[in-house]
Amino acid sequence: MITMDDIVREGDPILRKVLDEVNMPPTEEDKAELRCMLQFLKNSQDPEIAGKCNLRAGVGLSANQIGLNKRMFAVYIADEDGEKAYTVFNPKLVSHSISMIYLPQGEGCLSVDRKVDGFVPRYERIKVKAYDLDGNEVLIKLKGYPAIVFQHEMDHLNGIMFYDHINKDNPFALPANTDIRSVYE
Ligand SMILES: CC(C)(C)[C@H](NC(=O)Nc1cc(F)cc(F)c1)C(=O)N(CC(=O)NO)CC1CCCC1
Ligand SMILES: [Zn+2]
C-alpha cells in the first residue's frame with residue numbers, strides 16, 4: 001500500500017526528469033503499479049483510511065512521485081455527480097482550447113510540503129490520447145477542474161512543477177491578451 005512515506009518530495013531529481021514511455025502492452029508490473037497509484041488516491045479520500053494512515057487527500061498522482069521513471073499517472077475525482085477514475089499510460093495532449101482557466105486558490109502538490117501562492121494558468125478544455133490499463137488507445141476529453149488535474153499530472157511526466165507556471169514578478173498576474181477565468185474544484 002502506498003503511504004506518504006513513498007511520496008517523493010521536491011528536491012529529488014526524479015521530479016525534474018522527462019520520464020520514459022511505457023512499452024505497450026503494459027506488463028503485469030506496470031499495471032499493478034498504476035492500480036496501486038489509483039488505490040492510494042481512493043484511500044487518501046477515505047476519511048477512515050486517510051486518518052489511520054495519515055494520508056493527504058489527493059486527486060492525482062504521477063509515477064515519478066513514487067520514484068518510478070514511467071509515463072503514467074492516476075486521477076481520482078469524486079464529486080457530486082459520482083466518481084471519475086483514470087489510469088493512463090503515455091498520455092499525449094492532442095488538442096486544447098485557446099481559453100484558459102485557473103484555480104483561484106492556486107495549486108498545491110503532494111510532493112510539495114509548502115504553500116506556493118499564485119495563479120497557475122491551464123487550458124480550459126483538452127483532448128488527451130493515452131493507453132488504458134489494458135493497453136488500449138483512448139481519447140479523453142476534459143474541461144474545467146478535471147482538465148486542470150490532468151495538465152498538472154502531465155506536467156509531472158515532463159519534470160514540470162505547478163509553480164513553474166506562476167508569474168515570477170506578480171504571482172497573481174494573469175497572462176495578458178488571454179481569455180482566462182477562474183474555476184472552482
Ligand atoms: C496537493 C493537494 C492539495 C493534495 C491536491 N488536492 C487538491 O487540490 N484538492 C483535492 C484533493 C482531494 F483529494 C479531493 C478534492 F476534492 C480536492 C492534489 O491532490 N494534487 C495532486 C498532485 O499533487 N498531483 O501530483 C494537486 C492538485 C492541484 C491542481 C490539480 C491537482
Ligand atoms: Zn503534483
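Scroll up to find the structure.
Residues numbered from 1 in each chain as written. Chains lettered and ligands numbered in written order. Predicted model: local features only at pLDDT ≥ 70, side-chain atom pairs only at ≥ 80, totals over all residues. Heavy atoms only, no water.

With respect to helix α1 (residues 28-44)
Put simply, the test is: Here a strand is any run of E in DSSP of at least two residues, a helix any run of H or I of at least four, and the numbering for each starts at the N terminus. In a helix, the anticipated span is given by 1.5 Å times the number of residues less one. By the convention used here, residues are in contact when the closest approach between their heavy atoms is within 4.5 Å.
Its 17 residues place the ends of α1 24 Å apart at the C-alpha level, agreeing with the 24 Å of an ideal helix rising 1.5 Å per residue. Taken together, the buried residues of α1 touch α2 (47-53), β1 (60-62), β2 (72-79) and β3 (82-96).

A look at helix α3 (residues 145-157)
This is how the line gets drawn: For every residue, the accessible area (1.4 Å probe, protein chains only) is compared with the maximum for its type, and the residue is labelled buried under 20%, exposed over 50%, or partly exposed between those bounds.
In a regular helix each residue adds 1.5 Å, so 13 residues correspond to 18 Å; α3 covers 19 Å between its end C-alpha atoms and thus fits that length. Of all 13 residues making up α3, 13 are buried, and the element is well covered by its neighbours. Phi turns positive one or two residues past the end of α3, at Gly 159, with a value near 75°.

Looking at unusual backbone geometry
Outside of glycine, negative phi angles account for most residues, and trans bonds account for most peptide bonds. Note the cis peptide between Met 24 and Pro 25, where omega equals 0°. Topologically, Pro 25 is positioned in the segment before α1. One non-glycine residue with positive phi stands out, namely Asn 54, at about 55°. Look at Asn 54 and you get exposed, because its relative accessible area is 61%. Although it is not a glycine, Asn 177 adopts a positive phi angle of roughly 50°.

Some thoughts on the nonpolar core
Note the threshold: To qualify as a nonpolar core, a set must consist of buried Ala, Val, Leu, Ile, Met, Phe, Trp, Tyr and Cys residues joined through side-chain atoms within 4.5 Å.
By size, the foremost hydrophobic cluster in this structure holds 32 residues, and its most contacted members are Phe 150 and Phe 162. Every element with two or more residues in this core is listed here: β2, β3, β6 (125-131), β7 (137-143) and α3. Broken down by element, this core gets its largest block of residues, seven residues, from α3. Once you skip the residues sitting within four places of it in the chain, Phe 162 turns out to touch Glu 107, Gly 108, Cys 109, Val 112, Val 116, Val 120, Arg 122 and His 152.

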